[in-house]
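Chain by chain, the residues:
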Amino acid sequence: MTTARHKRDVGDVTFNGLKLLTSPGVVMTPRPASEQLVAAACARIGDGEARVVDVGTGSGAIAIAIARACPHAEVWATDTSLSAVRLARGNVRRHGLAARVVVRRGDLLAPVLGPFDVIVANLPYMPASSASDHPELKAEPFAAVFARGDGLDAYRRLIDGAMMRLADGGVLLLQLDGRLVSADRSELPALAAALAVPGSQLAGALFAEAA
Ligand SMILES: C[S@@+](CC[C@H](N)C(=O)[O-])C[C@H]1O[C@@H](n2cnc3c(N)ncnc32)[C@H](O)[C@@H]1O
């Protein structure tokens, strides 16, 4: 039986041309900006075989879109949120991808075995103290978007993990301030150094060349 509450709590979104179930207020609803991560991953993988992990998968949007676009990719996805893991698994089944997309609950790369050719992530990166400056994010689950301190600890830890889990020739793709950050294995130490600067100066440190 579908209750009124159930109806209200489940939504639909189109991401990268794919219809996905959402859980507003419980799991982050995927944004068009994250499609740039899919495009960058697919440009790297093409039709080839690749092992990919989507860290902080939420609804599973990025993992599913990569698997649909890259027919020979083996895709893993992780999230600390049980609600996200359940929603992502439901979306994986909805798209008939259970044989190629595996969703596991846990911290960053801990639930999966490397090496990976592509590590992709849109993790929380906004400082919790800035929440009142972002009314547009009020409807999203707080912990999916905001983190303590300068907000960047999850990315710092992920970069540390990527140094051990990224395959030779692999790439780390992050979304930060709505923009794409891409680093090959050899560039990870420089990226870690850039993220070591205080959050308020980060955009300048990372995107100075592009500006
Ligand atoms: C900004 S949301 C993005 C969700 C999805 N990647 C997207 O683009 O729609 C961040 C997600 O990361 C998850 N998350 C936060 N910290 C995590 C961690 N340490 N390890 C794994 N997932 C984490 C949150 O539960 C949330 O689902």
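The numbering scheme is per chain: residues are counted from 1 as the chain's sequence reads. For a predicted model such as this one, the threshold for reporting local features is a pLDDT of at least 70, and the threshold for listing and counting side-chain atom pairs is 80 or more; totals across whole chains, interfaces and linings nevertheless cover every residue.

In DSSP terms, a helix is any run of H or I states spanning at least four residues, a strand is any run of E spanning at least two, and both are numbered starting from the N terminus. If you trace the backbone, Ala69 turns up in helix α3 (residues 61-69). Note on burial: count the other C-beta atoms lying within 10 Å of the residue's C-beta; 20 or more is buried, 12 or fewer is exposed, in between is partly exposed, and C-beta positions come from the backbone. Residue Ala69 is classed as partly exposed on the basis of its C-beta count, with 18 C-beta atoms lying within 10 Å. Here the alpha-carbon distance between Ala69 and Asp47, two residues 22 residues apart in the chain, equals 8.7 Å. C-beta atoms are first placed from the backbone for all residues, and any pair lying within 7 Å is then listed as a contact. Once you skip the residues sitting within four places of it in the chain, Ala69 turns out to touch Val38 and Cys42.

What follows deals with the nonpolar core. By definition, a nonpolar core groups buried Ala, Val, Leu, Ile, Met, Phe, Trp, Tyr and Cys residues that connect through C-beta atoms lying within 7 Å of each other. Counting 56 residues, the largest nonpolar core has Ala41, Val52, Ile66, Val75, Val118, Ile119 and Val120 as the members making the most contacts within it. The dominant element in this core, judged by the number of residues it contributes, is α3, at seven residues. Contacts of Ala41, omitting those with residues within four sequence positions, involve Val52, Ile66, Val118, Val120 and Leu173.

The subject of this paragraph is helix α2 (residues 35-45). When α2 is considered as a whole, its buried residues turn out to be Leu37, Val38, Ala41, Cys42 and Ile45. Viewed end-on, α2 has its buried residues packed into an arc of 125°, placing them on one side of the element. At its buried positions, α2 is contacted by β3 (50-55), α3, β4 (73-79), β6 (116-121), β9 (166-176) and β10 (179-184). Read the arc as the range of directions from the helix axis to the C-beta atoms.

Moving on to the environment of Gly151. Locating Gly151 in the fold gives a position in the loop between β8 (146-147) and α6 (153-165). In sequence terms Gly151 and Ser130 are 21 residues apart; their C-alpha atoms lie 9.6 Å from each other.

As a further point, take the confidence of the model for the protein chain. Model confidence for the protein chain is summarised by a mean pLDDT of 91, while 89% of its residues fall at 70 or above. As a per-residue quantity, pLDDT reports the predictor's confidence and falls between 0 and 100. Scored below 50 in pLDDT, residues 1-8 makes one contact in the model with residues more than four places away or belonging to other chains.

We call a residue near a molecule or strand when its C-beta atom, built from the backbone, sits within 6 Å of it. In the neighbourhood of the ligand, 23 residues make up the surrounding shell, with Pro30, Gly56, Gly58, Ser81 and Asn122 lying closest. Broken down by secondary-structure element, the contributors of at least two residues to the shell around the ligand are α3, β4 and α5 (142-145). Each residue receives one of three labels: charged for Asp, Glu, Lys and Arg, nonpolar for Ala, Val, Leu, Ile, Met, Phe, Trp, Tyr, Cys and Pro, and polar for the others, Gly being one of them. Looking at the shell around the ligand, its residues break down into twelve nonpolar, nine polar and two charged.

Orientation is described by lines fitted to C-alpha atoms, with helices fitted over the stretch in contact, and by angles between N-to-C directions that extend from 0 to 180 degrees. Packing of α6 against helix α7 (residues 188-195) brings their axes to within 10 Å, and their N-to-C directions diverge by 165°. One finds that α6 runs roughly antiparallel with respect to α7. Pair α6 / α7 crosses with left-handed handedness. Touching Tyr155, Arg156, Ile159, Ala162 and Met163 of α6 are Leu188, Leu191, Ala192 and Leu195, all from α7. Within the contact of α6 with α7, the residues separate by chemical class into eight nonpolar, no polar and one charged. By definition in this entry, angles of less than 35 degrees are roughly parallel, angles greater than 145 are roughly antiparallel, angles of 65 to 115 are roughly perpendicular, and the rest are oblique. Note on convention: the crossing is left-handed when the near helix lies turned anticlockwise from the far helix by less than a right angle, right-handed when the turn is clockwise.

Buried residues dominate α3, accounting for eight of its nine residues. Regarding α3, the residues found buried are Ala61, Ile62, Ala63, Ile64, Ala65, Ile66, Ala67 and Arg68.

Another aspect to go through is the pairing of strand β5 (residues 101-105). With five bridges joining them, β4 and β5 adopt parallel strand pairing. Each bridged residue has a counterpart across the sheet, and for Ala77 the counterpart in β5 is Val103. When the strands point away from the viewer and the connection leading from the first strand across the helix to the second strand turns clockwise, the crossover is called right-handed. At this point the chain moves from β4, through helix α4 (residues 82-94), to the parallel β5, and the crossover so formed is right-handed. Paired strands, as defined in this entry, are two strands with at least two bridges between them according to DSSP.

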